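One-letter residues, chain by chain:
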Amino acid sequence: SQQGEEDPQALSIQEGENATMNCSYKTSINNLQWYRQNSGRGLVHLILIRSNEREKHSGRLRVTLDTSKKSSSLLITASRAADTASYFCATDSDDTNAGKSTFGDGTTLTVKP
Amino acid sequence: EAGVVQSPRYKIIEKKQPVAFWCNPISGHNTLYWYLQNLGQGPELLIRYENEEAVDDSQLPKDRFSAERLKGVDSTLKIQPAELGDSAVYLCASSFGQGRTGELFFGEGSRLTVL
């Protein structure tokens with residue numbers, strides 16, 4: 001069974017707009033990661049946020065984590081057509097099983113030129 | 001630096017036939033994972049290796065699936081016999097330090113179609 005659930009399932013925006021996608025999970029975590037997957041390709045790691053962090057930035061990406069609500073959000077600012085992909089959150093449930101990342105079903109983002 | 005290499009990229013077989021997938025992780029990564037990804041879904045862990053030891057194979061359907069990582073480097077995932085429902089993408093990933101950095105490096109995947 002999947003730990004994380006992304007919302008929305010699909011998102012379509014215009015180039016230059018911001019894209020926000022959310023992830024909810026069920027159990028306590030050690031860290032949460034976001035990955036991108038272009039069609040027909042493997043997953044690429046974007047950013048990791050630890051359970052004691054609340055916000056993290058990387059370029060045009062901003063990730064927040066609210067452990068009280070068991071949720072995270074990924075914001076992509078000033079989106080580009082090249083950002084079109086599926087985005088997955090993955091959680092590591094506890095430190096003894098670190099590396100056993102459990103993925104959600106993803107948000108499919110389409111950025112129209 | 002070379003990434004995670006998987007082969008074949010595509011495989012079409014008839015049901016009841018065997019199939020094998022190969023993965024070569026990033027050099028120095030002692031943790032290797034096999035994931036299954038169905039269309040429109042996220043990856044699901046099949047098996048995780050720490051060096052040559054399978055430390056988590058609870059999700060591997062052992063009646064038809066097997067995996068090995070004999071020398072703690074490259075790995076092979078086998079299905080015998082394949083069923084229609086096995087059509088999916090099989091992803092290999094690797095990480096350094098038992099995954100404690102959290103970052104997994106994925107290969108491009110092997111897409112299996114069972115007819």
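Everything that follows concerns the structure shown earlier in this document.
Below is a summary of the structure that appears in this document. Counting of residues starts from 1 at the beginning of each chain's written sequence and follows it residue by residue. Here chains are named by letter from A upward and ligands by number from 1 upward, in the order in which they appear as written. Local features in this predicted model are restricted to residues of pLDDT 70 or higher, and side-chain atom pairs are both shown and tallied only at a pLDDT of 80 or more, whereas totals for entire chains, interfaces and linings draw on every residue. The side-chain numbers reported here are obtained from all heavy atoms of the structure, hydrogens and water having been left aside.

**A word on the packing of aromatic side chains**
The condition that has to hold: Note on aromatic contacts: the rings of Phe and Tyr and the six-membered ring of Trp form a pair at centre separations within 6.5 Å, being stacked when their planes are under 30 degrees apart, edge-to-face when over 60 apart, and tilted otherwise. Working definition: helices are DSSP H or I runs of at least four residues, strands are E runs of at least two. Numbering for both runs from the N terminus. For every residue, the accessible area (1.4 Å probe, protein chains only) is compared with the maximum for its type, and the residue is labelled buried under 20%, exposed over 50%, or partly exposed between those bounds.
Throughout the structure, instances matching the rule amount to eight aromatic pairs over all chains. Residues tyrosine 35 of chain A and phenylalanine 103 of chain A carry aromatic rings whose centres are separated by 5.3 Å and whose planes lie at 55° to one another, so their mutual orientation is tilted. Pair noted here: tyrosine 35 of chain A is in strand S4 (residues 31–37) and phenylalanine 103 of chain A is in strand S10 (residues 102–103), with a separation of 68 residues, a long-range link. With relative accessibility at 0%, the residue phenylalanine 103 of chain A sits in the buried group. In this structure tyrosine 35 of chain A comes out as buried when scored by relative accessible area, which is 0%. Of the aromatic side chains, those joined through ring pairs into one cluster are Tyr35 and Phe103 of chain A together with Tyr33, Tyr35 and Phe106 of chain B.

**Points about the side chain of serine 110 of chain B**
As a reminder, the rule being used: Two N or O atoms count as a polar contact when they lie within 3.5 Å, although within protein this holds only if one can serve as hydrogen donor and the other as acceptor, and sequence-adjacent residues are included solely when both atoms are side-chain atoms.
Relative to the assigned elements, serine 110 of chain B resides in strand S11 (residues 110–114). A distance of 2.6 Å separates the side chain of serine 110 of chain B from the backbone oxygen of proline 8 of chain B, its partner in a polar contact.

**Quick notes on the pairing of strand S8 (residues 71–76) of chain A**
Residue and element names in this part refer to chain A. Test applied: In this scheme, strands are said to pair when DSSP sees at least two bridges between them.
Burial within S8 is extensive, with five of its six residues counted as buried. When strand S3 (residues 19–24) meets S8, the two strands line up antiparallel, connected through six bridges. When the sheet's bridge partners are listed, serine 24 is paired in S8 with serine 71. The pairing of strand S7 (residues 61–66) with S8 spans six bridges and is classified as antiparallel.

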